[in-house]
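A closer look at the structure
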Amino acid sequence: MSLIETRGLSLRYAAQTILHDVDFAIDRGEIVTIVGPNGSGKSSLLRALIGALRPAAGTVTRAPALRIGYVPQKLQIDSTLPLTVQRFLNLPERRKPEAISAALARAGVPELAARQMADLSGGQFQRVLLARALLGEPDILILDEATQGLDQPGAAAFYRQIEEVRTSTGVAVLMVSHDLHVVMAASDRVLCLNGHVCCEGTPEVVADAPEYRALFGTGTQGALAMYRHHHDHDHADHDHDHSHGGH
Ligand SMILES: Nc1ncnc2c1ncn2[C@@H]1O[C@H](COP(=O)(O)OP(=O)(O)OP(=O)(O)O)[C@@H](O)[C@H]1O
């Protein structure tokens, strides 16, 4: 059974239909990225999937007792408030120190527990939010533009971390992103929205689709190929299985 599945899903705010006829499913261990222009319904779809927005038509089915780990695009923390990473990860629920260490290690920042939240770089901060989402041992991670504010190498590194987490824990990942090139390369499947599902498939298929090119132009394919090349090149000596990107 899929972790989350929609059938004929339509979403509406007042009289305005935002999305219609969306058939979507995500399975255990998959990395799926949602792309689409501003206002195309990406965040609304996420909200419907987690149950925060009621369908105007169609259905959303979640696997029983599904655990969702949510990574927001940003979290405002008062910079004058003394708050270590360790304490932040103990809010709102107290966690075992070993669980916190393990989550930070999974998120690629094992050394940060004693640091002040206010002193973290953007990339470190997003990894701490990732660690927080992992503390609940989710079946699926949902990220809504979690790399906003990071530069492209920073975003690429963050998505590689996500791939590693998937490889080591088997968590499924569903994300919305504007970092088309880097995020698409880290995905098994891409869903391109524009009021409906305008195209869907592997990153290569979507980047080649006329519907996608009409929305985003043709620039992405080159960048995608280049990113894949570097990505394979870096790790080819250690890991010849590129089906999941591996590292
Ligand atoms: N609470 C709301 N009430 C009314 N309209 C809304 C509401 N939230 C979103 N919308 C409208 O629904 C449409 C889709 O919004 P949504 O945030 O899902 O798009 P998005 O693809 O995530 O956009 P972006 O890339 O800009 O974040 C937009 O036209 C938006 O103005």
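See the structure above.
Being a predicted model, the structure only gives us computed values, none of them experimental. (Residues numbered from 1 in each chain as written. Predicted model: local features only at pLDDT ≥ 70, side-chain atom pairs only at ≥ 80, totals over all residues.)

1. Examining helix H4 (residues 122–134)
- Across its 13 residues, H4 extends 19 Å between first and last C-alpha, which sits within 8% of the 18 Å expected from 1.5 Å per residue.
- The buried count for H4 comes to 11 of 13 residues, which makes it a mostly enclosed element.
- Against the buried residues of H4 lie strand E5 (68–71), helix H2 (85–89), helix H3 (97–106), strand E6 (140–144) and helix H5 (152–169). (Helix = DSSP H or I, 4+ residues; strand = E, 2+ residues; numbered from the N terminus. Expected span 1.5 Å × (residues − 1). Buried ≥ 20, exposed ≤ 12 C-beta atoms within 10 Å, placed from the backbone. Contact = placed C-beta atoms within 7 Å.)

2. Observations concerning the site of the ligand
- For the ligand, the full set of nearby residues is Tyr-13, Ile-18, Gly-36, Asn-38, Gly-39, Ser-40, Gly-41, Lys-42, Ser-43 and Ser-44.
- The dominant element in the shell around the ligand, judged by the number of residues it contributes, is helix H1 (residues 42–50), at three residues.
- Of the residues in the shell around the ligand, the class split is two nonpolar, seven polar and one charged. (Near = placed C-beta within 6 Å. Nonpolar A, V, L, I, M, F, W, Y, C, P; charged D, E, K, R; others polar.)

3. A look at the nonpolar core
- With 68 residues, the main nonpolar core has Ala-131 and Cys-192 as its most contacted residues.
- Residue contributions to this core peak at seven residues, all from H4.
- Ala-131 has contacts with Leu-89, Ala-103, Leu-104, Arg-106 and Ala-107, leaving out every residue within four places of it along the chain. (Core = buried A, V, L, I, M, F, W, Y, C linked by C-beta atoms within 7 Å.)

4. What to know about the environment of Ala-99
- Assignment of secondary structure puts Ala-99 in helix H3.
- Overall, Ala-99 belongs to the partly exposed group, with 13 C-beta atoms counted inside 10 Å.
- Considered as a pair, Ala-99 and Gly-201 are 102 residues apart in the sequence and their alpha carbons are 36 Å apart.

5. What about the sheet that holds strand E4 (residues 57–62)?
- Within the open sheet, the three strands sit side by side as E2-E1-E4. Their pairing is antiparallel. The sheet is open, and its two borders are formed by strand E2 (16–26) and E4, each paired with just one other strand. Averaged over all pairs of adjacent strands, the angle between their axes in this sheet comes to 25 degrees, without regard to strand direction.
- Two elements, strand E1 (residues 4–13) and E2, share seven bridges in a ladder whose sense is antiparallel. Across the sheet, Glu-5 pairs through a bridge with Ala-25, a residue of E2. (Pairing = 2+ DSSP bridges. Axes fitted to C-alpha atoms, helices over the stretch in contact; angles between N-to-C directions.)

6. Regarding the sheet that holds strand E3 (residues 31–35)
- One open sheet holds the six strands; their spatial order is E5-E6-E7-E3-E8-E9, and the pairing between them is mixed. Lying at the two open borders of the sheet, with one neighbouring strand each, are E5 and strand E9 (197–201). The mean inter-strand angle of the sheet, taken between neighbouring strand axes irrespective of direction, is 15 degrees.
- Judged from the four bridges that link them, E5 and E6 form a sheet pairing that is parallel.

7. A look at the packing of H4 against H5
- At a minimum axis separation of 10 Å, H4 and H5 run at an interaxial angle of 20 degrees. The pairing of H4 with H5 is recorded here as roughly parallel in orientation. Note that H4 runs across H5; the crossing there is right-handed. In contact with Gly-122, Gly-123, Gln-126, Arg-127 and Leu-134 of H4, H5 contributes Gly-154, Ala-157, Phe-158, Gln-161 and Val-165.
- Here the residues of the contact of H4 with H5 sort into four nonpolar, five polar and one charged. (Parallel < 35°, antiparallel > 145°, perpendicular 65-115°, else oblique. Left-handed = near helix turned anticlockwise from the far one by under 90°.)

8. Re the environment of Asp-119
- Tracing the sequence through the fold places Asp-119 in the loop between H3 and H4.
- Taking C-alpha positions, Asp-119 is 8.5 Å from Ser-79, a pair spaced 40 residues apart along the chain.

9. As for H1
- Within H1, burial applies to Lys-42, Leu-45, Ala-48 and Leu-49. Seen from one end, H1 has its buried residues packed into an arc of 125 degrees, which puts them on one side.
- Looking at the buried positions of H1, the neighbouring elements they touch are E1, E2, E3, E4, strand E7 (172–176) and strand E8 (189–193). (Arc of directions from axis to C-beta.)

10. What to know about the pairing of E8
- Judged by how many residues are buried, E8 sits mostly within the fold: four of five residues are covered.
- Sheet topology places E3 next to E8; four bridges connect them, and they run parallel. Bridging from a neighbouring strand, Ile-34 pairs with Leu-191 of E8.
- Pairing of E8 with E9, which is carried by four bridges, proceeds in the antiparallel orientation. Its bridge partner lying in E9, Leu-191 is registered against Glu-200.
- Hairpin connection of E8 to E9: three residues between the antiparallel strands, including Gly-195 at a positive phi of 85 degrees.

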